[in-house]
Amino acid sequence: MTAAPALSIQGLGFSYGAKRALDGVAFNLAPGAFCALLGPNGAGKSTLFSLMTRLFTTPEGRIEVMGHDLSRAPNAALATMGVVFQQTTLDPDLSVRRNLAYFAALHGIAGRDRDRRIDAVLDRLAMRARGNERARDLNGGHKRRVEIARALLHDPRVLLLDEATVGLDAATRGDITTHVHALAAEQGITVLWATHLTDEVLPDDRLLVLHQGRILADTTAAGFAPHGQLREAFLDLTGGAPHAAI
Amino acid sequence: MLPFDPRAARIALVAIVTREALRFVHQRERFLAALVRPLVWLVVFAAGFRAALGLSIIPPYQTYITYETYIVPGLCGMILLFNGMQSSLSLVYDRETGAMRLLLTSPLPRWWLLTCKILASTLISMLQALVFLAIAAAFGVRVSWTGYIAVLPALLVAGLMLGGLGLALSSLIKQLENFAGVMNFVIFPMFFLSSALYPLWKMAESSQVLYAICASNPFTYAVELIRFALYGQFNPLALAVTIGTAVAFMGLALRGYDPARGLIRRKG
């Protein structure tokens, strides 16, 4: 028997006025899957994330997270989801621990349980020594680690990352992608990793290519580019979009 | 939908209030500015106008009062008004920095999250107003102890109304740069076209049109609610208008933050 999808997107459409941003987007992610959502800038990735996190309501189609319909049961769906946005959302004036504690409180977690979880996620991301530093004093890579730690604080089953490595150097990006792959493999967390950087996608990763609001390919990275030329295959498919992948 | 979990809601409320309080503590200049502004009015403006403005006996006062005494409730209202707008500015900043996304994607009802934000900003406003009242007492404008206690719920209701206004405005302001317009088109008209600085009968002597505008300004009723409360009296009309306006502003804010209408509906 096939397991119910952790994330199910069906017939999703969205427009900004007359401009169509998403059109007929549909895919399912199995529990524990790592899926790269590859698309050039302006492909509709952030719009898709805004719909999946209910910053926008879903005008067309349906989104289910761990079996919860996002439109009908938004709180139940959001409770199972961890999100790392493209834009940093840490409070720069608060310490790392206070940032995490604030997020924990928004998920109804307090007291010793909160402290235990904060220690655990900081350990997991090798950030415990920096727990009392103010967020503004961290470098870009460490800020991203804290944001990933924060997104894991409430034990989500689905982790959404929207261009989580943007602006980071290659080594830091490599560290973060390796860690997130391990989360999916070792802890069974379903990961949707939106990026426009082809070097962040591993051959065995499930790959969705989004371009001009449509899913153009749904396969593995190895299946999409059998000879390992992922960037070239991507540019061929998207017509060499000028802001395409690196 | 998950049932509304009172424990989770309480934890979130405490966290949001604490965060706003910490932010306030980190911004000492904001606290000083919030106090200096009404103190300048009390010490400088009121001294200058004391002789020019004659005040007859009007409720809740039972005798002739100094102009300083008259404007203290209005200056409390000014603190709440500016702080409400300050919280609006901070919400726009939160939106630009992405912090608002974090709040709105948490698994609690959006109306509760927004109520927590308003309540947090109101509690900080109340604290500033109480400090101002203490300083005003040092300058000779004192009320009875019962007045200081009775004014607390009045400050709360008025603060919620102006916090609601700030929240509603923050859903309309797209960028921080547009905030100057709010100063010119919301704060100043709301403050000057009210009973904060002069009684409405004075305004009626000058212009019936301006009097009608002042009499229909909800800020006038918030100020009168505070004024009556400071003297241990209850003004039911002021309370009804202030609560009604608070509910209306809150409704507008909820509408502005409705994901279907989308304050965050920006190009993604």
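What you see is a predicted model; the values in this text were computed from it and never measured.

We now examine the overall build of chain B. Scanning chain B from terminus to terminus reveals eleven helices and zero strands. For chain B, buried positions account for 44% of its 268 residues. Relative to all contacts within chain B whose residues are 6 or more apart in sequence, the contacts with residues 24 or more apart total 79%.

This next bit is on the pairing of strand β9 (residues 206-211) of chain A. Residues and elements named next belong to chain A. Among the six residues in β9, six count as buried, and that is most of the element. Neither face of β9 is exposed, since Arg206, Leu208 and Leu210 on one face and Leu207, Val209 and His211 on the opposite face are all buried. One ladder, built from four bridges, connects strand β3 (residues 34-38) with β9; its direction is parallel. Each residue of the ladder has a partner; that of Ala36, found in β9, is Leu207. Bridge count between β9 and strand β10 (residues 214-220): six bridges; the pairing is antiparallel. Bridging across to β10, Val209 finds its partner in Ala217. From the end of β9 to the start of β10, which pair antiparallel, there are two residues, and Gln212 there has a positive phi angle of about 50°.

This part takes up the UniProt feature "domain: ABC transporter" (unreviewed entry) in chain A. In the numbering used here, UniProt assigns the feature "domain: ABC transporter" (unreviewed entry) to residues 7-237 of chain A. As annotated, residues 7-237 of chain A has a helix share of 35% and a strand share of 27%, and its two end C-alpha atoms lie 25 Å apart.

At a minimum axis separation of 7 Å, helix α3 (residues 96-106) of chain A and helix α1 (residues 6-26) of chain B run at an interaxial angle of 145°. Here α3(A) runs over α1(B); the crossing is left-handed. The segment α3(A) lies against α1(B), with Tyr102(A), Ala105(A) and Leu106(A) engaging Ile11(B), Ala12(B), Val14(B), Ala15(B) and Arg19(B). Class assignment of the residues belonging to the contact of α3(A) with α1(B) gives a composition of seven nonpolar, no polar and one charged.

Turning our attention to the sheet that holds strand β4 (residues 60-65) of chain A. Residues and elements named next belong to chain A. An order of β2-β1-β4-β5 is seen for the four strands of this open sheet, with the pairing classed as antiparallel. In this open sheet, the two edge strands, each paired with only one partner strand, are β2 (19-29) and β5 (68-69). Two elements, β4 and β5, share two bridges in a ladder whose sense is antiparallel. For Val65, the partnering residue across the bridge sits in β5 and is His68. Where helix α1 (residues 45-52) meets the sheet, its contacts fall on β1 (7-16), β2 and β4, and the angle it forms with β2 comes to roughly 65°.

Another point: the UniProt feature "transmembrane region" (unreviewed entry) in chain B. All names here are of chain B. Residues annotated by UniProt as "transmembrane region" (unreviewed entry) correspond here to residues 39-58, 70-93, 114-139, 145-169, 181-201 and 237-257. Annotated as residues 70-93, this span is 100% helix and 0% strand, and its ends, taken at the C-alpha atoms, are 36 Å apart. In this annotation, residues 114-139 is assigned 96% helix and 0% strand; the end-to-end C-alpha distance for the span is 38 Å.

Residues and elements named next belong to chain A. Positive phi outside glycine occurs at Arg54, with the angle close to 65°. Mapped onto the fold, Arg54 is located in the loop between α1 and β4. A positive phi angle, close to 55°, is found at Asp155, a residue other than glycine. Along the polypeptide, Asp155 turns up in the loop between α5 (140-152) and β7 (158-162).

The subject of this paragraph is the packing of α3(A) against α5(A). All names here are of chain A. With their axes 9 Å apart at the nearest point, α3 and α5 run at an angle of 30° to one another. In terms of their interaxial angle, α3 and α5 are classed as roughly parallel. Handedness of the α3/α5 crossing: right-handed. Mapping the contact onto sequence places Val96, Asn99, Leu100 and Phe103 in α3 and Val146, Ala149 and Arg150 in α5. Here the residues of the contact of α3 with α5 sort into five nonpolar, one polar and one charged.

Attention now moves to helix α8 (residues 230-237) of chain A. Residues and elements named next belong to chain A. Residues of α8 that are buried include every one of Leu230, Ala233 and Phe234, and no others. The buried residues of α8 occupy one face: seen down the axis, they fall within an arc of 100°. On its buried face, α8 sits against β3, β9 and α7 (221-224). Directly beyond the C-terminal end of α8, a positive phi value near 75° is found at Gly239.

As a further point, take the pairing of strand β6 (residues 81-84) of chain A. Residues and elements named next belong to chain A. Across the two faces of β6 the burial is the same, with Met81 and Val83 and Gly82 and Val84 all buried. The pairing of β6 with β7 spans four bridges and is parallel. Residue pairing for β7: Val83 is matched across the bridge by Leu160.

As a further point, take the domain arrangement of chain A. Residue and element names in this part refer to chain A. Partitioning chain A into domains gives domain 1 (1-80 + 156-246) and domain 2 (87-147). For domain 1 and domain 2, the distance between their C-alpha centres works out to 25 Å. Taken together, the contact pairs seven residues of domain 1 with four residues of domain 2. Among the residues forming the side of domain 1 that touches domain 2, the class breakdown is four nonpolar, three polar and no charged.

Analysis parameters
- Residues numbered from 1 in each chain as written.
- Chains lettered and ligands numbered in written order.
- Predicted model: local features only at pLDDT ≥ 70, side-chain atom pairs only at ≥ 80, totals over all residues.
- Helix = DSSP H or I, 4+ residues; strand = E, 2+ residues; numbered from the N terminus.
- Buried ≥ 20, exposed ≤ 12 C-beta atoms within 10 Å, placed from the backbone.
- Contact = placed C-beta atoms within 7 Å.
- Pairing = 2+ DSSP bridges.
- UniProt positions renumbered as here; feature names shortened; annotations may be inferred.
- Axes fitted to C-alpha atoms, helices over the stretch in contact; angles between N-to-C directions.
- Left-handed = near helix turned anticlockwise from the far one by under 90°.
- Nonpolar A, V, L, I, M, F, W, Y, C, P; charged D, E, K, R; others polar.
- Parallel < 35°, antiparallel > 145°, perpendicular 65-115°, else oblique.
- Arc of directions from axis to C-beta.
- Domains from an automatic or database assignment.

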